[in-house]
Amino acid sequence: MRVKKELDRAKLVAAAMGQIPCDLSIENIRLVNVITGEIYPAAVDLLDGVIVRVRADGHAAEQPSAKIYDGKGRYLVPGCIDIHMHVESTMMTPENFGRAAIRCGTTSVFVDPHEIGNVLGIDGVKFMVDNAKASPVRQFNLAPSCLPSVPGAEGNGAVFGPAEIAALLETDGVYGIAEMMDFYNMIHNSEKMRGIADEGLKRDMLIQGHAPKLSGGAIAAYALAGPTDNHSIRTGWEVVENLHAGLYVDLQSSSLETSSMPKLLEGLKGMRYTDHVCLCNDDVHAKDLLETGHVNRLIKEVLQQGIDPMDAYRWATYNAARSARIEDLGAIAPGYLADLQLLDELDGRDPAAVFSEGRLVVENGELLDPPQNRPIPDTVLGSTVRVVGLDGPKSLRLAAPAGAGERVRVAVLDYDTPTARSDLFYEELPVKDGFVDIAGREDLCFVAVFNRHGAADHTVTVARNFYLKEGAMATTVSHDCHNLALCYKDPADGYLAAKTLIDCGGGFCTVHSGAVTGLLELPVAGLMSLLPLTELVPAIAKQEKATDEIFAKPGCMMKLALIALACTQNAVITDRGLFDGRTQKFYDQFPVEN
């Protein structure tokens, strides 16, 4: 596929031959050739947003270009490409995300909009496509393949099957199928997942993967099913299994969890070729984007592990474009789009200048001539938090089974890691006035998930090691279905936090002793703010401070956002019950021996 399908090739040929002038020449640079692995002095001539000629050693052009840009001896590198990410995880709209990421040298991203898709379905995906038109970063939106992520385990705002995927693939601005997370049903040939993959295959479009911990016949089956890459790997042996299966490996470092990059890179040792290695953020938070960068953050991370800079930049440019089967991105050579960045050093720093299709868009960290804001439709900005199962604090109490005595065995989710990865065990707890009582237990709190898409489904249970000291927190950022998730000691505090979010359209809220102590409003589908990066990061920091005050450990704000993630191999709580991602079955909350 080519991004720019219509070119005046006769005009470009004439320019390359020196018969007509170019629009722009970038002179006095050290060209980083990610095709050959060389670095050499050069000048680059651009016309109609396309590279027409690279003049090695800076030989003079036959006709001077309309404009000359002095590279001042800097490195000229292709713009970075994030091969897989979720814009919603930045808590910014696509246009505001683009205005932030372009400063880091990112010029293209491949977006899975399944977060907003789970809330608003096809209309949500179309909003992301439309809003990205005001972004200086090119955003390739893909059709979310798994809505919900695990059918039957959770309730969300839309269900996508082959028909919905087909409709999206015929929509301008949708370039393929996003991560096929339901790997279990993919390798077992379920009719739905087979049908979704076939819609992409028959159109010869990109199909991205998500398949953790598969090996042998399972990873072979996954590759045969249609996906061409995998970003959900965390260990060196998974890198080996995926590369041996012919898949592209997207080395991921997400803001949601501790990086596993050192383990991933271990898997590459002894491999002569790394042509199928790319980099991706998956989920990057606004603070990380502001303070450490975007794709260049990943480049810094792999450089710290001893990777050669040429390999790192090739992974982030040329390999990513090849993974997506795009022929005119990711390199500096005739016919490629002029997505370029000028760097003082090849160390992952922010660029001195960024060009998008030959137009200077960033210089000295400043965004030049940003497009006008796109209007936000009422369907996206209006009330998307529709909770019908929350009827006062009593809805947040955990009722013991009928006939229970003074104590009852109940399922407890145990969170003994910094993330929300948990397991489940049963513990005998007191019963008071017919409800499970955790008074006096500092290690316990309640967690709950309420459907926020109009259904009455909800689940309340007990959690251990969630580190909540007092008060309550609620959020509508709850991967992947984005139902209303809560943790609380006192049901009254939990109810106030939930009600506050319902009234404002979503976000994060903390409550202590009957008063709201922190509120981060995310009115765009309950997932995104209207604020630009420099205003959003302080607002998030303020909410993080309020969160830290009610938790025994710092950094727990995003932990709540993961407790309902059903497509993991852990025990989770969803609006429909307590679910085991390993067996794809529900747990009994109160075992039958009670």
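For the structure itself, consult the block above.
Residues numbered from 1 in each chain as written. Predicted model: local features only at pLDDT ≥ 70, side-chain atom pairs only at ≥ 80, totals over all residues. Heavy atoms only, no water.

### Overview of the nonpolar core
Worth spelling out the cut-off: Think of a nonpolar core as a cluster: buried Ala, Val, Leu, Ile, Met, Phe, Trp, Tyr and Cys residues, connected wherever their side-chain atoms sit within 4.5 Å. Partly exposed residues are those whose accessible area sits between 20% and 50% of the maximum for their type, while under 20% is buried and over 50% is exposed, using a 1.4 Å probe and protein chains only. Every helix listed is a DSSP run of H or I at least four residues long, and every strand listed is a run of E at least two residues long, numbered separately from the N terminus. Contacts are assigned to residue pairs that have any heavy atoms within 4.5 Å of one another.
If you look at the biggest cluster of nonpolar residues, it comprises 76 residues, and the most contacted ones within it are Met91 and Met180. The element contributing the most residues to this core is helix H3 (residues 114–131), with six residues. Excluding its chain neighbours within four sequence positions, the residues that come into contact with Met91 are Phe508, Leu520, Leu522, Leu527, Met528, Ser529, Leu536, Ile540, Met557 and Met558. Core analysis: the second largest hydrophobic core is formed by 49 residues, Val32, Ile299, Ile307 and Tyr318 among them.

### Some details on unusual backbone geometry
Put simply, Leu147 and Pro148 share a cis peptide bond, and its omega is -5 degrees. Along the chain, Pro148 turns up in the loop between strand E8 (138–143) and helix H4 (162–169). Cis geometry marks the peptide bond from His479 to Asp480, where omega comes out at -5 degrees. Inspection of the secondary structure puts Asp480 in the loop between strand E23 (472–475) and strand E24 (484–488).

### Focus: the sheet that holds strand E27 (residues 571–574)
Threshold: A pair of strands is considered paired only if DSSP assigns at least 2 bridges between the two.
Ordered in space as E27-E28-E29, the three strands form an open sheet in which the pairing is antiparallel. A strand with exactly one partner marks an edge of an open sheet, and here the two such strands are E27 and strand E29 (585–586). With two bridges connecting them, strand E28 (residues 577–580) and E29 associate as antiparallel partners. Across the sheet, the residue bridging to Asp580 is Lys585, located in E29.

### Some thoughts on the pairing of E8
Condition: If you view a crossover with the strands going away from you and the path from the first strand over the helix to the second runs clockwise, you call it right-handed.
Most of E8 is tucked away: six of the six residues are buried. Burial of the side chains of E8 extends over both faces: Arg138, Phe140 and Leu142 are buried on one face and Gln139, Asn141 and Ala143 on the other. Bridge count for strand E7 (residues 106–111) against E8 is four bridges, and the pairing is parallel. The residue bridging Val111 from the neighbouring strand is Asn141, located in E8. Bridge count between E8 and strand E9 (residues 174–180): two bridges; the pairing is parallel. In the sheet register, Asn141 faces E9, and the bridge partner there is Val174. Between E8 and its parallel partner E9, the chain crosses via H4, and the hand of that crossover is right-handed.

### So, H3
Heads up, the condition is: Helices are assigned an expected span. That span is 1.5 Å times one less than the residue count. Axes are fitted to the seven residues ending at a residue and to the seven starting at it; the angle between these axes is taken as the bend at that residue.
For H3, with 18 residues, the first-to-last C-alpha span of 15 Å runs short of the 26 Å given by 1.5 Å per residue. Approximately 140 degrees is the largest bend angle found in H3, and it occurs at Leu120. In terms of burial, H3 is a largely internal element, 13 of the 18 residues being buried.

### Some remarks on the sheet that holds E9
Filter applied, for reference: For helices, the fitted axis covers only the stretch in contact; all axes are lines through C-alpha atoms, and the angles between them, taken along N-to-C directions, range from 0 to 180 degrees.
The five strands lie next to each other as E6-E7-E8-E9-E10, forming an open sheet whose pairing is parallel. Each edge of the sheet is formed by a strand with only one pairing partner; in this case those strands are strand E6 (80–85) and strand E10 (206–209). The mean inter-strand angle of the sheet, taken between neighbouring strand axes irrespective of direction, is 25 degrees.

### Here we look at the state of the cysteines
The cut-off we apply is this: When two cysteine sulfur atoms are found within 2.5 Å, that pair is recorded as a disulfide.
Enumeration according to the criterion identifies zero disulfides in this entry. In this model Cys104 remains outside any disulfide bridge; the closest cysteine sulfur is found in Cys80, 9.3 Å from its own.

### Looking at the environment of Arg2
Locating Arg2 in the fold gives a position in the segment before helix H1 (9–16). C-alpha of Arg2 to C-alpha of Glu428: the two residues are 426 residues apart in sequence and 62 Å apart in space. If sequence neighbours within four positions are ignored, Arg2 has contacts with Arg9, Glu327, Asp328 and Gly335.

### Structural notes on the packing of aromatic side chains
In plain terms, the rule: Here is the rule: rings of Phe, Tyr and Trp (six-membered ring for Trp) pair when centre to centre is within 6.5 Å. Planes less than 30 degrees apart are stacked, more than 60 are edge-to-face, and the remainder are tilted. Two limits define a charge over a ring: the Lys NZ or Arg CZ must be within 6 Å of the ring centre, and within 35 degrees of the ring normal.
The full count for this structure, using the stated rule, is seven aromatic pairs. Centroid distance Phe579 to Phe586: 5.2 Å. Interplanar angle 65 degrees. Geometry classified as edge-to-face. Taking relative accessible area as the criterion, Phe579 reaches 2% and is therefore assigned buried. Connected via pairs of aromatic rings, a cluster forms that spans Phe110, Phe140 and Tyr175. It is Arg322 that lies over the ring of Tyr318; its NZ or CZ is 4.3 Å from the centre. Against the face of Phe466 rests Lys559, its NZ or CZ located 4.9 Å from the ring centre.

None of the figures reported here should be taken as evidence of function without further support.
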